[in-house]
Amino acid sequence: MTTPKTNKQDVDKVTGVETTGHEWDGIKELNNPLPRWWLNVFYACIVGSVIYWVLMPAWPGLPGIGGYTKGTLGFSDRANVSKDIAQLQAERAPLAAKLSGADLNTVEQDPELMQYAFAAGEAAFKDNCATCHGAGGQGVKGYPSLADDVWLWGGTLTDIRHTLEVGIRADHDETRYSQMPAFGRDGILSAQEISDVTDYVLNFSGNSDAGAEALSRGQEIYAVNCVSCHGDAGLGDRTQGAPNLADAEWVYGGSKAEVMTSISRGPFGVMPAWAGRLDSSTLDALAVYVHSRGGGE
């Protein structure tokens, strides 16, 4: 004799909700279906995704396909960005043309031109220069400050513009170039001679506590090896990028140990030539911005 089937559902005694009939280790699964509104939204999202897939770029290129799906609307973020950039350049063209070749006095007396140059130059500086010189151009050890009045190659607007264009010890045919010998590494001077000439160099700015005998030895070494670039008084020579040694401003540090290291190894910093990487109007604006940091002449 068989037991007749029944349609009666099992009901959880605690919640009063029907179960699905699934049970594991005494735990029963309640039959709580998703709300109708949630299911409708879910189905609408599926339909919307299919429509988007057809209309817009969606699937990336897979092997054998040859490229991503373009979409029937032909939408392209790249094309839109290029269009916006072209429009912006067209709007800025009159100011860019006005800035080209303008002297500092002309720029400073034209508020609109100054505002354009500062904004465009600041953007270019953050993208290309801040990594080495700092966000405000304050510099760090090994990278010169652009916010003071110390310049190796000149701090006028024209000088700065030219340095940006050709770089320093860069790959440009007209790059600014200077090189201090590595007096220690190449065996030109002994360790004691480097120590003596360091004392003499630091004495230019009053930062040496060496005695008269050491300073006398250092002066002799300086006269033979350093005068031709840095001058008798250590004031440097901008025509060849030789730094001033009497202003107590040091790119690689001004302690005796740090100056000895510089004399021993011969610093050889490089700044890229931005010609060809940045267009002419951007270089003009960047020169104005650097000049305005507080150190321009």
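To be clear, the structure that these remarks concern was listed above.
Along each chain, residues carry numbers from 1 onward, in the same order as the chain's sequence is written. Local features in this predicted model are restricted to residues whose pLDDT is 70 or higher, and side-chain atom pairs enter the listing and the counts only when it is 80 or higher, whereas totals over whole chains, interfaces and linings include all residues. Water and hydrogen atoms were dropped before computing side-chain values, which therefore reflect all heavy atoms in the structure.

Q: Mind laying out the packing of helix H7 (residues 191-203) against helix H8 (residues 212-225), listing which residues take part and the relevant values?
A: At their nearest, the axes of H7 and H8 sit 7 Å apart, and the two run at 95 degrees to each other. Our classification of the angle between H7 and H8 gives roughly perpendicular. Contacts between H7 and H8 involve Gln192, Glu193, Asp196, Val197, Asp199, Tyr200, Val201 and Asn203 from the former and Ala214, Leu215, Arg217, Gly218, Gln219, Ile221 and Tyr222 from the latter. Partitioning the contact of H7 with H8 into residue classes produces seven nonpolar, four polar and four charged. Only the stretch in contact is used when fitting a helix axis, every axis being a line fitted to C-alpha atoms; angles between N-to-C directions are given from 0 to 180 degrees. For helices the rule is a DSSP run of H or I covering at least 4 residues; for strands it is a run of E covering at least 2, with both sets numbered from the N terminus onward. Any angle that falls under 35 degrees is termed roughly parallel, while one over 145 is termed roughly antiparallel, one within 65 to 115 roughly perpendicular, and all others oblique. Two residues qualify as a contact provided that any one of their heavy atoms is within 4.5 Å of a heavy atom in the partner residue. For this classification, the nonpolar set comprises Ala, Val, Leu, Ile, Met, Phe, Trp, Tyr, Cys and Pro, the charged set comprises Asp, Glu, Lys and Arg, and every other residue, Gly included, is treated as polar.

Q: Now, about the pairing of strand S1 (residues 19-24): what can you tell me, with residues and values included?
A: Regular strands place side chains that alternate from one sheet face to the opposite one. Any two strands with at least two DSSP-identified bridges between them are counted as paired. Where S1 meets strand S2 (residues 27-30), three bridges bridge the pair, whose relative direction is antiparallel. In the sheet register, glutamate 23 faces S2, and the bridge partner there is lysine 28. In this structure, the hairpin formed by S1 and S2 is closed by a connection of two residues, where aspartate 25 is found at a positive phi of approximately 55 degrees.

Q: I'd love a proper account of the nonpolar core, names of residues and values included.
A: By nonpolar core we mean a set of buried residues, namely Ala, Val, Leu, Ile, Met, Phe, Trp, Tyr and Cys, connected to one another through side-chain atoms within 4.5 Å. Remark: exposure states derive from per-residue accessible area (1.4 Å probe, protein chains only) relative to the maximum for the residue type, with buried under 20%, exposed over 50%, and partly exposed in between. Ranked by internal contacts, the top residues of the largest apolar core, which has 30 residues, are Leu99, Tyr116, Phe125, Leu164, Leu286 and Val290. Of all the secondary structure elements, the ones that give two or more residues to this core are helix H2 (77-99), helix H4 (111-128), helix H6 (157-166) and helix H11 (280-295). Here this core takes seven residues from H11, the largest share from any one element. Those residues in contact with phenylalanine 125 that sit more than four places away from it in its chain are Ala130, His133, Gly134, Ala135, Gly137, Leu146, Leu286, Tyr289 and Val290. Among the nonpolar cores identified, the runner-up in size contains 13 residues, and Leu189, Tyr200, Ile221 and Cys226 belong to it.

Q: Explain the packing of aromatic side chains to me, using residue names and the numbers behind them.
A: Centres within 6.5 Å make a pair out of two Phe, Tyr or Trp rings, where for Trp the six-membered ring is used; the pair is then stacked when the planes are under 30 degrees apart, edge-to-face when over 60, and tilted otherwise. This model, assessed by the stated rule, comprises nine aromatic pairs. Relative to tyrosine 43, the ring of phenylalanine 42 has its centre 5.9 Å away and its plane inclined at 55 degrees; by these criteria the two rings are tilted. Judged by its relative accessible area of 40%, phenylalanine 42 is partly exposed. Consider the rings of tyrosine 200 and phenylalanine 204, whose centres lie 5.1 Å apart with planes at 70 degrees: the pair is edge-to-face. For tyrosine 200, a relative accessible area of 13% corresponds to the buried category. Members of the aromatic cluster, connected to one another through ring pairs, are Trp38, Phe42 and Tyr43. Note on criteria: charge over ring means Lys NZ or Arg CZ within 6 Å of the ring centre, with the direction from the centre no more than 35 degrees off the ring normal. Between arginine 169 and the ring centre of phenylalanine 268, over which it is positioned, the NZ or CZ distance is 5.3 Å. When the ring centre of tyrosine 252 is taken as origin, the NZ or CZ atom of arginine 265, which lies over that ring, is 5.0 Å away.

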